Amino acid sequence: EAAGGLDRPFAIAVVARTPEEAIVVLRAVHGPRFEPEPWMVESLVVRASESPMLRLTGTAEKFVDRRLGEIRCPASIIWGEDDGVLPVSYGEALRDGIAGAKLHVIAGAAHIPHLQQPAEVLRCLMAIC
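Residues numbered from 1 in each chain as written. Predicted model: local features only at pLDDT ≥ 70, side-chain atom pairs only at ≥ 80, totals over all residues. Heavy atoms only, no water.

## Some details on the side chain of Asp 83
Looking at the element boundaries, Asp 83 is found in the loop between strand E1 (76-80) and helix H3 (88-97). Despite its burial, Asp 83 remains without a salt bridge, the nearest opposite charge being carried by Arg 8 at 12 Å. From its side chain, Asp 83 meets the backbone nitrogen of Leu 86 in a polar contact 2.9 Å long. Separated by 2.9 Å, the side chains of Asp 83 and His 111 make a polar contact. Leave out the neighbours within four places in its chain, and Asp 83 touches Ala 28, Ala 109, Ala 110 and His 111. (Helix = DSSP H or I, 4+ residues; strand = E, 2+ residues; numbered from the N terminus. Buried < 20%, exposed > 50% of the residue type's maximum accessible area, 1.4 Å probe, protein only. Lys, Arg positive; Asp, Glu negative; His and termini not counted. Salt bridge = Lys/Arg side-chain N within 4 Å of Asp/Glu carboxyl O. Polar contact = N/O pair within 3.5 Å; in protein donor to acceptor, adjacent residues only side chain to side chain. Contact = heavy atoms within 4.5 Å.)

## Thoughts on the side chain of His 111
Within the fold, His 111 resides in the loop between strand E2 (102-106) and helix H4 (113-116). Ignoring anything within four residues of it in the chain, the contact list for His 111 reads Ala 28, Val 29, Asp 83, Val 85, Leu 86 and Gln 116.

## Examining the packing of aromatic side chains
The tally for this structure, following the rule as stated, stands at one aromatic pair. Pairing Trp 79 with Tyr 90 gives two aromatic rings, centres 5.8 Å apart and planes at 25°, and the pair type is stacked. On the criterion of sequence distance, the pair formed by Trp 79 in strand E1 and Tyr 90 in helix H3 is long-range, its members being eleven residues apart. Like Trp 79, the residue Tyr 90 is buried in the burial classification. (Phe/Tyr/Trp six-rings, centres within 6.5 Å; stacked < 30°, edge-to-face > 60°.)

## Considerations on H3
All of the buried residues in H3 are Val 88, Tyr 90, Gly 91, Ala 93 and Leu 94. Structurally, H3 contributes buried residues whose contacts are with E1 and E2.

## Observations concerning the packing of helix H1 (residues 19-30) against helix H2 (residues 38-46)
Following both chains from N to C, one finds H1 and H2 inclined at 110°, their axes separated by 9 Å at the closest point. The pairing of H1 with H2 is recorded here as roughly perpendicular in orientation. Seen from H1, the contacting residues are Pro 19, Ala 22, Ile 23, Val 25 and Leu 26; seen from H2, they are Met 40, Val 41, Leu 44 and Val 45. Across the contact of H1 with H2, the residue classes break down as nine nonpolar, no polar and no charged. (Axes fitted to C-alpha atoms, helices over the stretch in contact; angles between N-to-C directions. Parallel < 35°, antiparallel > 145°, perpendicular 65-115°, else oblique. Nonpolar A, V, L, I, M, F, W, Y, C, P; charged D, E, K, R; others polar.)

## Looking at the pattern of salt bridges
What the rule picks out here adds up to five salt bridges. In this structure, Glu 35 and Arg 27 form a salt bridge, with 2.9 Å as the shortest nitrogen-oxygen distance. Residue class for Glu 35 comes out exposed when judged on its relative accessible area of 56%. Residue Arg 27 is classed as partly exposed on the basis of its relative accessible area, which comes to 28%.

## Comments concerning the pairing of E1
Counting buried positions along E1 yields four of five residues, so the element is predominantly enclosed. In this sheet, E2 lies alongside E1 in parallel orientation, the contact comprising five bridges. Among the inter-strand pairings, Trp 79 is bridged to a residue of E2, identified as Val 105. Traced from E1 through H3 to E2, the parallel crossover comes out right-handed. (Pairing = 2+ DSSP bridges. Right-handed = clockwise from strand over helix to strand, strands pointing away.)

## A closer look at the environment of Arg 47
Position of Arg 47 relative to the elements: it lies in the loop between H2 and E1. Considered as a pair, Arg 47 and Arg 17 are 30 residues apart in the sequence and their alpha carbons are 8.5 Å apart.

Next comes the structure, spelled out in structure tokens:
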């Protein structure tokens, strides 16, 4: 849930330097119909020059694409249907790379399904056990 690590680009630029870019980022994270408060937009723009995303270096050797086949335990992948940062195709790639993995796509959730649809995430987790 909320996975990363594949050698794929984000669906959007994750550093917002303008209010318009900030709205795109916030909707990618919270869903396409999300209406951010003005302070949220302003906060992303103000923090753009200090974004942790700008400090990501040396990540290529950390990508897990080639190692997915090494996973031998049951894997359930939980993904938000409206994730605008890492779209469902990313979750599908994880599922396809891990033998026997199951992908649970949650309607009404975007990039943080455990926050946006906690009851459905819990249902998925309970079904796993």
